[in-house]
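Okay, here's what each chain looks like letter by letter:
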Amino acid sequence: MKAAQDFIQGNKDRFLEELFHLLRIPSVSADANYTQDVAHCANEVARFMIEAGADAVEVCPTAGHPIVYGEKMIDPSLPTVLVYGHYDVQPADPIDLWHTPPFEPTIKKTEIHPDGAIFARGACDDKGQFFMHLKAFEAMNKTNSLPCNVKFMIEGEEEIGSDHLGVFCKENKQKLKADVVLISDTSVIANDTPSIDCGLRGLSYLEVEVTGANRDLHSGVYGGAVANPINVLAKMIASMHDENNHIAIPGFYDKVMELTEAERADLNKAPFSEEAYKKELDIDAVYGEKGYTTFERTGVRPTLDCNGIWGGYIGEGSKTVLPSKAFAKISMRLVPNQTTEEITETFSKHFKSIAPAGVRVEVRPHHGGNPVVTPTDSKAYLAASFAMEQTYGKKPIPTRGGGSIPIVAMFESELGLKSVLMGFGLDSDALHSPNEHYGLFNYYKGIETIPYFFEQFAK
Ligand code: BES
Ligand code: MN
Ligand code: MN
């Protein structure tokens, strides 16, 4: 272990420069204009994997963006860790709100990151985090201290739903054989409060379209006599929550697993300052389902949110128009034992049923994923807990992450593999927002922690 840790300390500057190299590639999976950059990023990830010492490195084409695979099999009788991550990133827009260009990584100090943080799209989600695994592997490999087998699967479509990774897993069950999946793509509570997410919410994502008349109309000539799709859509969306911010779709909560009082108490034991939370977001109050704490609202309760809404005239000045169409993107975060299929169906039926006469509605499902809960008594969880305790000097708190990594449920259903979500980011790192960043403390802490996981897991 000492040799690997010394290797890390001796190569910190290079590890940072290499991450910068990846961060400069705009691997935005959602936007076809960046397809070449995504492909280039995959090739660079593969090159780094080879340089770190992995064997059988391949850039596997899919019907979408490529998957980068590599492995180091030192002894088939030893356990195997499958490391999963994603090299694709969210679109950077709105660009105007970035203080430094999203694909020119820049180090700046912040209140939360006094040692400096790397500002760039993907710095935390997930380039900075998956890259820690390549660097920790390199350190173990080059100091002859890799204690078990490792496989890497770094995909390029996580941010758009991992559509082709499911197929890849089904077709490569043998190749992906492992004992556990290790993922760094989540957060810790704070840099002095390590934690491990033991669950992720699922997702149902849909787009809705409301159509009124067959064309845009003069709002003076027709307004008041013909349905306005924007007014109707706004009313339909508003009706989805009741006065307690409970979701008002019949059947929505039928399968939701309620926590016991003891489980709720446990979840709420983690330190949380509502004042700091509000201050960081510049809000005067938190907002959510009545009867639940903020931790519960983001960790174990399902939600419904409108992610985008458009229609009519949004150009300069004014235009008195009664639009023909209005649209919205709506997503629901799911918890055990809801499934994306059932909730998509429940939503679609309800949405169509509440459309008033005078409009037609269409519901188009996008991607989704099922929720997961990961064990806290497995050898892998205990190894992660041990590892973090070594480097943070404190045992990590098991908690629940509010985000989704749709493929994690598939690892379980298709490959029979449980995951450990040993993430090192912070929720305040502005993932998916302008000015995303990743603390230098977090980056190096991750690299230092991972070898302890391997050491303990291989025992
Ligand atoms: N890494 C995030 C998920 C995450 C972030 C989990 C923080 C827990 C804490 C991941 O890249 C992500 O953003 N997932 C998407 C889902 C995807 C289908 C677009 C999400 O959660 O919105
Ligand atoms: Mn991610
Ligand atoms: Mn993400």
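Rules behind the numbers
- Residues numbered from 1 in each chain as written.
- Chains lettered and ligands numbered in written order.
- Predicted model: local features only at pLDDT ≥ 70, side-chain atom pairs only at ≥ 80, totals over all residues.
- Heavy atoms only, no water.
- Helix = DSSP H or I, 4+ residues; strand = E, 2+ residues; numbered from the N terminus.
- Expected span 1.5 Å × (residues − 1).
- Buried < 20%, exposed > 50% of the residue type's maximum accessible area, 1.4 Å probe, protein only.
- Contact = heavy atoms within 4.5 Å.
- Donors = N, O, S within 2.8 Å, 3.2 Å for Na, K, Ca; no water.
- Domains from an automatic or database assignment.
- Polar contact = N/O pair within 3.5 Å; in protein donor to acceptor, adjacent residues only side chain to side chain.
- Nonpolar A, V, L, I, M, F, W, Y, C, P; charged D, E, K, R; others polar.

Caption draft 1: View of helix H3 (residues 35-52). An ideal rise of 1.5 Å per residue puts 26 Å on 18 residues; H3 measures up with 26 Å between its terminal C-alpha atoms. By the burial criterion, the buried members of H3 are Val38, Cys41, Ala42, Glu44, Val45, Ala46, Phe48, Met49 and Ala52. Its buried side turned inward, H3 meets helix H2 (12-23), strand S1 (55-60), strand S2 (67-72), helix H4 (127-142) and strand S6 (149-155). Just downstream of H3, Gly53 is the residue with a positive phi angle, here 115°.

Caption draft 2: Spotlight on the coordination of the manganese ion (ligand 3). All of the protein donors around the manganese ion (ligand 3) are Asp125 (OD), Glu159 (OE), Glu159 (OE) and His432 (NE2); their distances to the metal are 2.1 to 2.5 Å. Between consecutive donor residues of the manganese ion (ligand 3), the sequence gaps follow D-x33-E-x272-H. In this structure, the manganese ion (ligand 3) is positioned 3.6 Å from the manganese ion (ligand 2), and both are ligated by Asp125. One end of the pair, Glu159, is in the loop between S6 and helix H5 (163-171); the other, His432, is in the loop between strand S20 (425-426) and strand S21 (437-439), with 273 residues separating them in the sequence. Taking relative accessible area as the criterion, Glu159 reaches 13% and is therefore assigned buried.

Caption draft 3: Local environment of the domain arrangement of the chain. When the domains of the chain are assigned, the result is domain 1 (2-200 + 371-457) and domain 2 (202-256 + 302-366). Between domain 1 and domain 2, the C-alpha centre-to-centre distance is 36 Å. Taken together, the contacts link six residues of domain 1 with seven residues of domain 2. Put simply, domain 1 and domain 2 have two residue pairs in polar contact (both at pLDDT 80 or more) between them. Grouping the amino acids of the side of domain 1 that touches domain 2 by side-chain chemistry returns three nonpolar, three polar and no charged.

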